Structure formats: C-alpha cells, structure tokens
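# An overview of the molecular structure
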Amino acid sequence: MSQRSLRLGPLLTALALLVTGCAPAASGSSEAGSSSQEEFPPAVSEVAMQDAVPAILPEPDPEPHPVLTQEDINDALARVMERYSATGVTVAAVECGQVSQAGAWGWAVKDKREMTPDTKIRIASISKVVIAMCAMAMSEDGLIDLDAPISDYWGPDAVNPYSKTQPTARTFMTHTSSIKNLDITRGLSKLRGILQSKSSWRNIEPGNGTYWAYSNFGMCILGTTLELAGGQLLDDYLQARFLEPLGAKASFFGGRLKAEEVADLYSGGTVSRTAAAHAGQAIPTEIGRGASYFPGGYTTSAVDMAKLVAVLANDGVYKEPVYGYTEVTDAESGAQLVVAEPLEGRYQETRLLTEESVADMETPRFTVDLAEYSSFDQCLILRRQEDILGQKVLYYHTGSAYGVYSLMTYNPETKNGVVVITTGARRNMNERGMYALCADLMELLYEKMGDQLV
C-alpha cells in the first residue's frame, strides 16, 4: 500500500466520526465498548491533510488576448461606408495594449493608388498628443520642468504682464496658458517677439480652466519650448525617443517622407494638398523653424499612430508579440518557405514612458462645457469622456484640416483603442463632439473587441 493510502485510511475514519457526531473515548474510560484498539488515531498533521486531500483551486480566468480578425475590420469598414462618403479611410486597432488588426478603404491618390493602413496622412490636431508625449518624456529625461515658467526657456521678458503667476508647459497642455489664439507662425525670433508683446496676452491667470480656450498657436509655443529645453529639433527627439524604438515611420516634417508613401488630401471632392507637395516641404534645421507644424502637421499612418496609442493604453509600455519561425514546403512549387507565427503568451516589452507620466497625462484638470456638444474632461492634451462608444471611459483627441477628419481613442481599463483617419469625408459631428464616420467605425470595433478587462 502506498504512503498516500496509509495516510488516507485514518483520515477517512476521523472524518466519518465527525460526520456522525461520534467521538473516541478517552484513554482509561469506563464506557462500555471502549478499548485501546478503538482509540482515535493520532492527529493527522496539517501537512498530511494537504497531501491527503489536495485543494481544488478554481481555474484562473483566461488571459485577455486580441480577438479582432481581418474580416472584422473589413466588415466594419464596409458597413460604415454604406452610410458615409469619403475618398479614403484607414483604421488600426489596439487590443490588450498591443497593435492588432488594421485595414483601409478607398484611395490614397484617387483612381491611381489605393489607401492602405500604412499610407501616411497629415493627421491634423492629433499631432498635439504626440507633442504631449514628448513633453512627458523630456520631463522624465530631466530636460524640462513642466511647471517652470516658460521664461526660463525663452528669456525673462516672455511673460504675461497681467498675471501674478506665469504660463508653464503644463498650462499650454491644458489650453489655459493665457496666450491669445493668434495665427500660427514659425521662427524663433518672431515667436519670442510675440511672447514679449503685451497685446499677445489675455488678462487672466494661467491654469484657470474657467478661461479654457483651444489654441493652435499655443502648440507653436509649446513645441518650440520643448526644443529650447532640449537644445534640439523636437522632431529629432521624437524620432530617437519614440519612433525608432517602435519601428514607426512618421514626422512633423513632410519632407522626411516619400511622395509614394503619402496620401493626397481631399476636401469637397478636390485635392487640397498633393502627396508630392507635402513630401516636398523643406526640412527645418533651426529651433523654431518648424513651429507651425506642431499644431497639426504630424504625418503618420493609422498603424504607426496606433503604436503610440498602444503605449498610452498600456501604461507607457510598447508590447509586441514574439514570433516563432517554421519551415514548410510549398505544395505546388516544392520551395522551402519560412512561416512566422506569434508565440502564445510571449511578448517583447519596451517601456517608453513611466506609468506615472501616463497617469499624469490622463488626470482630469477641469471640465469643459460646450454649447453644441457633450462636455469633456480636459487632461494634458488628452480629453476624457465616460459612457461613450459603448465604453465606460475613453481618452481621445480629434483632428481636422485640409479635408482630413481623424480620431484616436483608447480605454485604459481594457487597454483597447482605435485610430481612424479619413480624407475627403464630410464634416459630420456627433453629439459627443467626434467626427461621426470615425466614431461609428470605432463603435463597431469596440463592440467586436468586447469588454474583457486586463
């Protein structure tokens, strides 16, 4: 008999006695029927108990994993485009903190080149999210103090003469810097002159959400402040700090891209900017010369923008699957082929922002009430709404310029997100202040992803 069986016999006897309410007689008892042979066996140790009756633990919940298929993307695009018109649409999804599926519809160059998930498009105001990520990274790297007055970087005369406190990089990130929303411009000396002029400032205290005013010009100042703090072009910092580790090809400067990679921009059925013109832009070489690109000039694909969204959704970590490679023989040609397949449960992770920096970006500072659309929480560049597109909460930003309507969203609880970029669509807004085509496509995809929590 095995050791386990020897231990189990006395244990079952003890259990039977307990169930029937019987107890063994004490040694030396005068009760009838008692004998030394019927004494209760020695107490079973806790170790023996665990060995004899193994605990039955509940099955752990399965790890969340991407569920979207290419068919899901294609079907969602087809359904949405039955109700809307556009020249081209491109979309990419983030699931469980990693880029999953992507797709496209229509034309990058009408009747000549089809739109793809990798086609580069000037993404408009979503560019501001990229600036915010650079600001947080530069703060981590010790290059800038986000709460220092910008005069620390621009010189002592770059101040609001009407306020006791002075604007900081952080106030520019909430559109409460107190600078007027002037026409976007470029050039370090020109921008410095504007900051030194009394007429450029509003008579309010920086950081006061009551006087929120969306400011494209403010992004010219914010981006150039980052350049001054870092002593380099912001785009150069972006490339090294984010895009190269992500394997992404994008830029604030169209001249760094090839015309065949870029989409024409369409507005009202006509071309508002050709791919060749965009790719032919001069690449700035001096701090401040690229300032006018910061409010909305970032040019990227849906897939590469989704990589940045994945970093935010995954608390600062970029996560991508590890692949295994298998040799197979082609049945028709007999050629040896190498097939790559993701290894289940294995990922390569690269931390690009701290969890604290992402949490800082996501922290609501105040609520913005709009006359025509739902209110939203203003965070650091990011906006936040609850109970939207079938999600409990979404962080997001919109973009529109030159006929482009774009939207990026993510849910930090599920770590899912979606990026949609359109050209040649109509300016249809829903009640949440989002472009309807983009939002409807996202809602279909979020529904497919489900609500599994990470």
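Residues numbered from 1 in each chain as written. Predicted model: local features only at pLDDT ≥ 70, side-chain atom pairs only at ≥ 80, totals over all residues. Heavy atoms only, no water.

Running from N to C, helix H7 (residues 188-195) and helix H8 (residues 216-230) cross one another at 115 degrees; their axes reach a closest spacing of 11 Å. Considering how the two elements wind past one another, H7 and H8 form a crossing that is left-handed. Judged by residue contacts, Leu188, Leu191, Ile194 and Leu195 of H7 engage Phe217, Ile221, Thr224 and Leu228 from H8. Here the residues of the contact of H7 with H8 sort into 7 nonpolar, 1 polar and no charged. (Axes fitted to C-alpha atoms, helices over the stretch in contact; angles between N-to-C directions. Helix = DSSP H or I, 4+ residues; strand = E, 2+ residues; numbered from the N terminus. Left-handed = near helix turned anticlockwise from the far one by under 90°. Contact = heavy atoms within 4.5 Å. Nonpolar A, V, L, I, M, F, W, Y, C, P; charged D, E, K, R; others polar.)

A few words on unusual backbone geometry. Although it is not a glycine, alanine 124 sits at a positive phi angle of roughly 65 degrees. With respect to the helices and strands, the residue alanine 124 is situated in the loop between strand E4 (121-122) and helix H4 (127-140). Given a relative accessible area of 1%, alanine 124 falls into the buried group. Unlike most non-glycine residues, tyrosine 402 shows phi in positive territory, near 55 degrees. On the secondary structure map, tyrosine 402 appears in the loop between strand E13 (391-401) and strand E14 (404-411). When its relative accessible area of 38% is taken as the criterion, tyrosine 402 is described as partly exposed. (Buried < 20%, exposed > 50% of the residue type's maximum accessible area, 1.4 Å probe, protein only.)

A separate point is the sheet that holds strand E1 (residues 88-95). Here 9 strands make up an open sheet; going across it, the order is E3-E2-E1-E15-E14-E13-E12-E11-E10 and the pairing antiparallel. Strand pairing shows two members of the sheet lacking a second neighbour, strand E3 (113-114) and strand E10 (366-368), which therefore form its edges. Sheet analysis places strand E11 (residues 376-378) next to strand E12 (residues 383-388), joined by 2 bridges and oriented antiparallel. Within E12, the residue paired with aspartate 377 across the bridge is arginine 384. In the packing of helix H11 (residues 302-313) onto the sheet, contacts are made with E1, strand E2 (98-109), E14 and strand E15 (416-423), and the angle to E1 comes to roughly 30 degrees. (Pairing = 2+ DSSP bridges.)

Grouped together as the largest cluster of nonpolar side chains are 81 residues, with contacts concentrated most on Met133, Phe242, Phe252, Tyr298, Met305 and Met408. Among all residues touching phenylalanine 242, those that are not within four sequence positions of it are Met133, Cys134, Ala137, Tyr237, Leu308, Leu352 and Leu353. Membership of the second largest hydrophobic core comes to 36 residues, among which are Ala93, Val418, Val420 and Ala439. (Core = buried A, V, L, I, M, F, W, Y, C linked by side-chain atoms within 4.5 Å.)

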